[in-house]
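The lines below spell out each chain.
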Amino acid sequence: MKRKIKNDSLDYMGLISIKNNLLVIDNNEGGGKFSKQLLKPNLEDLINHKIEFSVFYEGYINRAANWVENKFKSQSY
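Attention in this report is confined to the structure presented alongside it. (Residues numbered from 1 in each chain as written. Predicted model: local features only at pLDDT ≥ 70, side-chain atom pairs only at ≥ 80, totals over all residues. Heavy atoms only, no water.)

## Focus on a nonpolar patch on the surface
Judged by side-chain polarity, Phe53, Tyr57, Tyr60 and Ile61 come together as a nonpolar surface patch covering roughly 420 Å² of accessible area. Summarising the element assignment, Phe53 is placed in helix H2 (residues 53–75). Residue classification places Phe53 among the exposed residues on the basis of a relative accessible area of 52%. (Patch = residues over 30% accessible without salt bridge, like charges linked within 9 Å, V, L, I, M, F, W, Y side chains within 5 Å. Areas by Shrake-Rupley, 256 points an atom, 1.4 Å probe, with all protein chains shown as cover. Salt bridge = Lys/Arg side-chain N within 4 Å of Asp/Glu carboxyl O. Helix = DSSP H or I, 4+ residues; strand = E, 2+ residues; numbered from the N terminus. Buried < 20%, exposed > 50% of the residue type's maximum accessible area, 1.4 Å probe, protein only.)

## Some points on the pattern of salt bridges
Applying the stated criterion across every chain yields a total of three salt bridges. In this structure, the salt-bridge partner of Lys36 is Glu44, at a minimum N-O distance of 2.7 Å. For Lys36, a relative accessible area of 36% corresponds to the partly exposed category. According to the relative accessible area criterion, Glu44 is partly exposed, its value standing at 37%.

## Topic: the pairing of strand S4 (residues 32–35)
Two strands pair when backbone bridges link them, and strand S3 (residues 22–26) and S4 are joined in this way by four bridges, in the antiparallel orientation. For Val24, the partnering residue across the bridge sits in S4 and is Lys33. (Pairing = 2+ DSSP bridges.)

## Structural notes on the environment of Gln37
In this fold, Gln37 is placed in the loop between S4 and helix H1 (43–47). When the C-alpha atoms of Gln37 and Tyr60 are compared, they prove to be 10.0 Å apart, with 23 residues separating the residues in sequence. Gln37 has contacts with Asn42 and Arg63, leaving out every residue within four places of it along the chain. (Contact = heavy atoms within 4.5 Å.)

## Notes on unusual backbone geometry
Of note, the amide linkage connecting Lys40 to Pro41 takes the cis form, showing an omega dihedral of -5°. Mapped onto the secondary structure, Pro41 falls in the loop between S4 and H1. Here the phi dihedral of Asn20 falls at roughly 55°; this positive angle occurs in a residue that is not glycine. Examined against the element boundaries, Asn20 turns out to sit in the loop between strand S2 (15–19) and S3. Owing to a relative accessible area of 77%, Asn20 belongs among the exposed residues under this scheme. In this structure, His49 is a non-glycine residue whose phi angle is positive, near 60°.

Below, the structure is given as structure tokens:
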């Protein structure tokens, strides 16, 4: 599914499309591809008012810490 977001505050992002569990942003800066976060709690649950922000944020902080830890482990020789 592709959709162009028409919103002045988001126009600078470029073309945004969703392909399965992948968010794709195409723009002059190169854009990016982002996998859907399947671990709970996730952003989709927050947006759909299934969880409170504090619950989402705690999960986000834990995932970020794990990501940083794994990033440095993979760079170790």
